[in-house]
Amino acid sequence: MSLKRKDLLSLAPLSVEEITLILDTADSFKEVTGREIKKVPALRGRTVVNLFFEPSTRTRTSFELAAKRLSADVINFSPSSSSVVKGETLLDTARNIEAMQADIIVLRHPSAGAAEALARGVKSSVINAGDGWHEHPTQALLDLYTIRQRGLSFEGLKVAIVGDVAHSRVARSNIYALSKLGAEVRLIGPPTMMPWGVERLGARVYRNLDEGLAGVQVIMMLRLQLERQGRALFPTIREYARLFGLTGERVKLADPGAIVMHPGPINRGVEIAPEVADSLSSVILDQVANGVAVRMGILYLLSGAN
Amino acid sequence: MSLKRKDLLSLAPLSVEEITLILDTADSFKEVTGREIKKVPALRGRTVVNLFFEPSTRTRTSFELAAKRLSADVINFSPSSSSVVKGETLLDTARNIEAMQADIIVLRHPSAGAAEALARGVKSSVINAGDGWHEHPTQALLDLYTIRQRGLSFEGLKVAIVGDVAHSRVARSNIYALSKLGAEVRLIGPPTMMPWGVERLGARVYRNLDEGLAGVQVIMMLRLQLERQGRALFPTIREYARLFGLTGERVKLADPGAIVMHPGPINRGVEIAPEVADSLSSVILDQVANGVAVRMGILYLLSGAN
Amino acid sequence: MSLKRKDLLSLAPLSVEEITLILDTADSFKEVTGREIKKVPALRGRTVVNLFFEPSTRTRTSFELAAKRLSADVINFSPSSSSVVKGETLLDTARNIEAMQADIIVLRHPSAGAAEALARGVKSSVINAGDGWHEHPTQALLDLYTIRQRGLSFEGLKVAIVGDVAHSRVARSNIYALSKLGAEVRLIGPPTMMPWGVERLGARVYRNLDEGLAGVQVIMMLRLQLERQGRALFPTIREYARLFGLTGERVKLADPGAIVMHPGPINRGVEIAPEVADSLSSVILDQVANGVAVRMGILYLLSGAN
């Protein structure tokens, strides 16, 4: 079975079978030697371009490592060192990259819909590595992978997503995928951070953290974007931490075996207490490790090398 | 036959045979599998350093891809992350790079003559990837390659170069090479953008675009460098576009099979109308694709691996 | 024999045998084909991450080349493009890098002790590539390699270190290692640039350059950090150059076969006269070349690939 798509832009249109195929493919790269991922020659001679219009250590490095473990050539470029400063359009930039025989373009862009626009304009495969507040499908896939790895089943799984859901592309991608897989999604945060119309997706909104955490098996904390606090979605960081920060006490309200997730980078003592981030419930570093395997799976499936 | 040069600094001193050898070598990398360029082990173990003192997506990425397709190791560095901020001279920086066993240094620098000065000071091969307003030989070579690929013969070929010729290193390299190859070069633009003394090279200056385009087989548009408009070579961009912008109507003044070239990045609606940039006459993306092959040819010939 | 350490953080705790093992291993990479270092598959499939919180052409490039010559995959990242701007702690950043299976993390950081803190927190090997004013062990090791390469014996060797010793991590690492190897270390500079308590290490302080240089076999010049002159350790650069700049005349005060070293980048005409930097006594470019070999040796020994 193969992924009959040129691009990975969003989790909204993916079927359960497609999601499962991606997770299984990621698994196959991990299984080779147990925990450690060995370098394989699958994409030797192929070129992956990381086109990042927003800074990101984690995601860019994860894609770069995934591509290198598949033996692809990787080119990074970021707008500051690019012709974007010279006024070229995104599509012209991408067509140039395509002309240089980029097989896959990994795009991060501040505008929602940028990846989709790009994918229509080039023959290269496009992977959305985050577009504005829209989606971040590879992050959600690695979250799903991590949940499955812990032996949890999606059907009927209770998942709490806590924080600024309205401005989180990670949350959006997860809501699409988890609902589709049969999970019960709870969104927890102050009203200024809740999107409109999520009820239609089957998600339920909670304004009280303790109430929302009751009995969940998965707690997904979102990052409070301190660098964007000019927007003033909340009076003070201290107040936010008091009401919506995850402490060890609060974790006890969830299911006894509940896992704690975070897309990183974490703000210790703000949305998550250090003792929780470093606890056995935390799978934050597993998420990072799994990110490489999941991205290898996606690159491999889109490359048509299978 | 081989290129008996350590460096590629300028097209002025190259013979017709040397230019042809470079184009033929580029061809050989393309021919392996038709359109797609496969990775070859020719420069395995060699090191290519991209030393870029000016930002450039296109050129740096093209060289990086060319080097990687030849299996060389590539190191990028740009002045912001380098010891240049610490006051080191260009030559000292380059000697350090040489001491680390860089086989080939690809230099972009804002000063005319920088590549030549560097080449005298180091044993590594030096490729000029643009020095001030002086030359940009690899861009001109990929232009020549693209013209030849379209089945056009240089002898007697009518080529119009349109725009800020005086401040264009691309134009200068093309004038040298095209004149040498027997083409008739026309330079079109306002007087403030015309260099002194080009008539000595056999080029003819036109102040009127329609007149200059009459009957040409190749139209090379130059980029209007909007980011340098402080220099005020022209009253307004709108006025420039009206007088010197290439529209579909104007293309009809040229030879029926004429091709339209542009070194990129393009300013849509300024020097080139979108309908022209995206037309069948446009070979702009072929230029980008050929750039990788031509740079592979140059790296290969200078490395002495042949 | 092997290096029974996870990390290389400082030269202070290394035994003479360990230092010798590193230098011998570096030698083995050089010996393969004489002067040129060939690419070897020793670290194929391993990942080296350059985590640089301060800009550095020389050191980062040297590590990148060393890792590539060993066939490792290399990831560069610098704070500006990283999650550091988002407030993540150094340790959280490093744990993420570790989770992505970085075998070795090369850290440059403005705070003394950063590498040691990191090494305690991650299972990956950590190499200190400069931490504040503390240590820069790989630079000192390449200095030792270069001295040994010139046939000089450390026992009883007279070494003058000239300049801002108090704020030089290079000087500190060299003082530790040279004292341990039996050399006589002289520190020369104005009182504002001399550290407290170096006499305990067996080093002797000179305020007069001519006096300090008398009879030494090795002159190590330190860079005057012009970009930090706000600190005002000295009235004017001209005055500094007059009193502590190394001229051809002054080199004659040293042993007839004395060598001149400098960690680079050099300030010509400030701490070192151009005629000295370019003289036969100068081994400055040998230091750069040896840096790649020494870093290959360290990466190889720490990787456990031996």
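Residues numbered from 1 in each chain as written. Chains lettered and ligands numbered in written order. Predicted model: local features only at pLDDT ≥ 70, side-chain atom pairs only at ≥ 80, totals over all residues. Heavy atoms only, no water.

**A closer look at the sheet that holds strand β2 (residues 73-77) of chain A**
The strands that make up a sheet are held in pairs by hydrogen bonds between backbone atoms, and each pair lies either parallel or antiparallel. Residue and element names in this part refer to chain A. As a reminder of what qualifies: In short, DSSP must find at least two bridges between two strands for them to pair. By definition, any uninterrupted DSSP run of H or I lasting at least four residues is a helix, any uninterrupted run of E lasting at least two residues is a strand, and each is numbered from the N terminus. Every axis in this analysis is a line fitted to C-alpha atoms, fitted for helices over the stretch in contact. Angles between the N-to-C directions lie between 0 and 180 degrees.
Taken in spatial order, the four strands make up an open sheet running β2-β1-β3-β4, and their pairing is parallel. Since the sheet does not close on itself, it has two edges, and those belong to β2 and β4 (125-131), each with one partner. Shown here is a sheet whose adjacent strand axes are inclined to one another by a mean of 15°, direction ignored. Both strand β3 (residues 104-109) and β4 contribute to a ladder of five bridges, which runs parallel.

**What to know about the interface of chain B and chain C**
Defined as follows: Here, two residues are considered to be in contact whenever any of their heavy atoms come within 4.5 Å of each other. In short, buried area is how much 1.4 Å probe accessible area vanishes from two parts on joining, totalled over both. Think of a salt bridge as a Lys or Arg side-chain nitrogen and an Asp or Glu carboxyl oxygen that are within 4 Å of each other. We call two N or O atoms a polar contact when they sit within 3.5 Å, provided that within protein one can donate a hydrogen and the other can accept it, with sequence-adjacent residues counted only if both atoms are side-chain atoms. In this count, Pro and Cys sit with the nonpolar residues alongside Ala, Val, Leu, Ile, Met, Phe, Trp and Tyr, while Asp, Glu, Lys and Arg are called charged and the others, Gly among them, polar.
On the side of chain C, 27 residues touch chain B, which itself brings 21 residues to the contact. Here chain B packs against chain C, burying approximately 2,300 Å² in sum over the two surfaces, 50% of which is carbon and sulfur. Seen at the junction of chain B and chain C, the total is three salt bridges. The salt bridge involving Asp-278 of chain C is made with Arg-95 of chain B; its shortest N-O contact spans 4.0 Å. Inspection of the region where chain B meets chain C yields seven residue pairs in polar contact (both at pLDDT 80 or more). Going through the elements one at a time, β2 (73-77) and α3 (90-99) of chain B are the ones with two or more residues in the side of chain B that touches chain C. Counting residues per element, the side of chain B that touches chain C draws most heavily on β2 of chain B, at five residues. For the side of chain B that touches chain C, a count of residues per class yields five nonpolar, ten polar and six charged.

**Thoughts on the relation of the copies chain A and chain C**
The operation relating the pair of chain copies consists of a rotation about an axis and a translation along that axis. Heads up, the condition is: The atoms used to superpose the copies are C-alpha atoms, taken from residues with pLDDT of at least 70 in both, and the fit is least squares.
Overlaying chain A with chain C gives an RMSD of 0.0 Å, the required rotation being 120° about an axis along which the chain moves by 0.0 Å. What the rotation and shift describe, once combined, is the action of a three-fold rotation axis.

**Remarks on the sheet that holds strand β6 (residues 184-188) of chain A**
Residues and elements named next belong to chain A. Spatial strand order, β7-β6-β5-β8-β9: five strands in an open sheet with parallel pairing. Only two strands of the sheet have a single neighbouring strand rather than two, namely β7 (204-206) and β9 (259-261). The sheet shows a mean angle of 25° between the axes of neighbouring strands, taken without regard to direction. Across five bridges, the pairing between strand β5 (residues 158-162) and β6 is parallel. Its bridge partner being in β6, Lys-158 is matched across the sheet by Glu-184. Sitting on the sheet, helix α5 (residues 137-149) touches β8 (218-221) and β9, and the angle it makes with β9 is about 165°.

**Quick word on the pairing of strand β1 (residues 47-52) of chain B**
All names here are of chain B. The following threshold applies: Three labels apply to residues, based on accessible area from a 1.4 Å probe with only protein chains included: buried if under 20% of the type maximum, exposed if over 50%, partly exposed otherwise in between. A crossover gets the label right-handed when its path from the first strand over the helix to the second runs clockwise, viewed with the strands pointing away from the viewer.
Taken across its six residues, β1 has six buried, putting it largely inside the fold. With five bridges connecting them, β1 and β2 associate as parallel partners. Across the sheet, residue Thr-47 finds its bridge partner in β2, namely Asp-73. Assessed by its sense of winding, the connection that carries the chain from β1 through helix α2 (residues 57-69) to β2 is right-handed.

**Considerations on the pattern of salt bridges**
All names here are of chain C. Here the structure, examined in full by the defined rule, presents 51 salt bridges over all chains. A salt bridge links Arg-148 to Asp-27; the nearest nitrogen and oxygen atoms lie 3.1 Å apart. You can see Arg-148 sitting in helix α5 (residues 137-149) and its partner Asp-27 sitting in helix α1 (residues 16-31), a full 121 residues away along the chain.

**Some thoughts on the interface of chain A and chain C**
Opposite the 27 residues of chain A that make contact, chain C presents 21 residues. Counting each side, the surface lost to burial between chain A and chain C is near 2,300 Å², with a carbon and sulfur contribution of 51%. Where chain A packs against chain C, one counts three salt bridges. Scanning the region where chain A abuts chain C turns up seven residue pairs in polar contact (both at pLDDT 80 or more). Ranked by the residues each element gives to the side of chain A that touches chain C, the list is headed by helix α2 (residues 57-69) of chain A, at nine residues. Within the side of chain A that touches chain C, the residues separate by chemical class into nine nonpolar, six polar and twelve charged.

**Side note on the packing of helix α5 (residues 137-149) of chain B against helix α11 (residues 284-303) of chain B**
All names here are of chain B. The following threshold applies: In a left-handed crossing the near helix is turned counterclockwise from the far helix by less than a right angle, and in a right-handed crossing that turn is clockwise.
Viewed as axis vectors pointing N to C, α5 and α11 meet at an angle of 115°, and their least axial separation amounts to 8 Å. For the element pair α5 and α11, the recorded crossing hand is right-handed. Of α11, the residues touching α5 (which contributes Thr-138, Gln-139, Leu-141, Leu-142, Asp-143, Tyr-145, Thr-146 and Gln-149) are Asp-286, Gln-287, Asn-290, Gly-291, Val-294, Arg-295 and Ile-298. Class assignment of the residues belonging to the contact of α5 with α11 gives a composition of five nonpolar, seven polar and three charged.

**Re the pairing of strand β6 (residues 184-188) of chain C**
Residue and element names in this part refer to chain C. Burial within β6 is extensive, with four of its five residues counted as buried. Chirality of the crossover, the property in question, places the unit of strand β5 (residues 158-162), helix α6 (residues 169-180) and β6 among those that are right-handed. Of the pairings in the sheet, the one linking β6 to strand β7 (residues 204-206) comprises three bridges and is parallel in character. Within β7, the residue paired with Ile-188 across the bridge is Tyr-206.

**Looking at the packing of aromatic side chains**
Residues and elements named next belong to chain A. Put simply, the rule is: By convention, a stacked pair of Phe, Tyr or Trp rings (six-membered ring in the case of Trp) has centres within 6.5 Å and planes under 30 degrees apart, an edge-to-face pair has planes over 60 apart, and any other such pair is tilted. Remark: a charge is flagged as sitting over a ring if the NZ atom of Lys or the CZ atom of Arg is within 6 Å of the ring centre and within 35 degrees of the ring normal.
The full count for this structure, using the stated rule, is twelve aromatic pairs over all chains. Summarising the aromatic geometry, the rings of Tyr-240 and Phe-244 are spaced 5.7 Å apart at their centres and angled 40° between planes, so their arrangement reads as tilted. One end of the pair, Tyr-240, and the other, Phe-244, are both in helix α8 (residues 237-244), four residues apart, so they sit about a helical turn from each other. Exposure remark for Phe-244: the relative accessible area of 4% places this residue in the buried category. An aromatic cluster of at least three residues, connected via ring pairs, comprises Phe-234, Tyr-240 and Phe-244. Between Arg-295 and the ring centre of Phe-63, over which it is positioned, the NZ or CZ distance is 4.9 Å.

**With respect to the UniProt feature "binding site: carbamoyl phosphate" (unreviewed entry) in chain A**
Residue and element names in this part refer to chain A. We count it as follows: UniProt positions are given in the numbering used here, feature names are shortened, and annotations may be inferred rather than shown by experiment.
Sites flagged by UniProt as "binding site: carbamoyl phosphate" (unreviewed entry) map to Arg-58, Thr-59, Arg-108, His-136, Gln-139, Gly-264 and Pro-265. For Arg-58, the position within the fold is in helix α2. By the element assignment, Gln-139 lies in helix α5.

**Some remarks on unusual backbone geometry**
Negative phi values dominate among residues other than glycine, just as trans dominates among peptide bonds. Cis geometry is adopted by the peptide bond preceding Pro-265 of chain A, which originates at Gly-264 of chain A and carries an omega value of -10°. Residue placement: Pro-265 of chain A occurs in the loop between β9 and α10 (274-277). Positive phi, normally seen in glycine, also occurs at Gln-101 of chain A, with a value near 70°. The residue Gln-101 of chain A is located in the loop between α3 (90-99) and β3 in this model. The exposure class assigned to Gln-101 of chain A is buried, which follows from its relative accessible area of 19%. The phi angle at Ser-71 of chain C is positive, at roughly 70°, despite the residue not being glycine. Relative to the assigned elements, Ser-71 of chain C resides in the loop between α2 (57-69) and β2 (73-77).

**Observations regarding the domain arrangement of chain A**
Residue and element names in this part refer to chain A. How we decide: For the domain bounds, the source is a domain assignment made automatically or taken from a database.
Splitting chain A by domain gives domain 1 (16-135 + 288-303) and domain 2 (137-285). Contact residues are listed per partner, giving 29 residues for domain 1 and 27 residues for domain 2. A combined buried area of about 2,300 Å² lies between domain 1 and domain 2, and 57% of that area is made up of carbon and sulfur atoms. Counting the surface domain 1 buries against domain 2, the share from its top three residues, Leu-23, Trp-133 and Glu-135, is 30%. One can count three salt bridges joining domain 1 with domain 2. A salt bridge links Arg-148 to Asp-24, with the shortest nitrogen-to-oxygen separation between them at 2.9 Å. Where domain 1 packs against domain 2, one counts 14 residue pairs in polar contact (both at pLDDT 80 or more).

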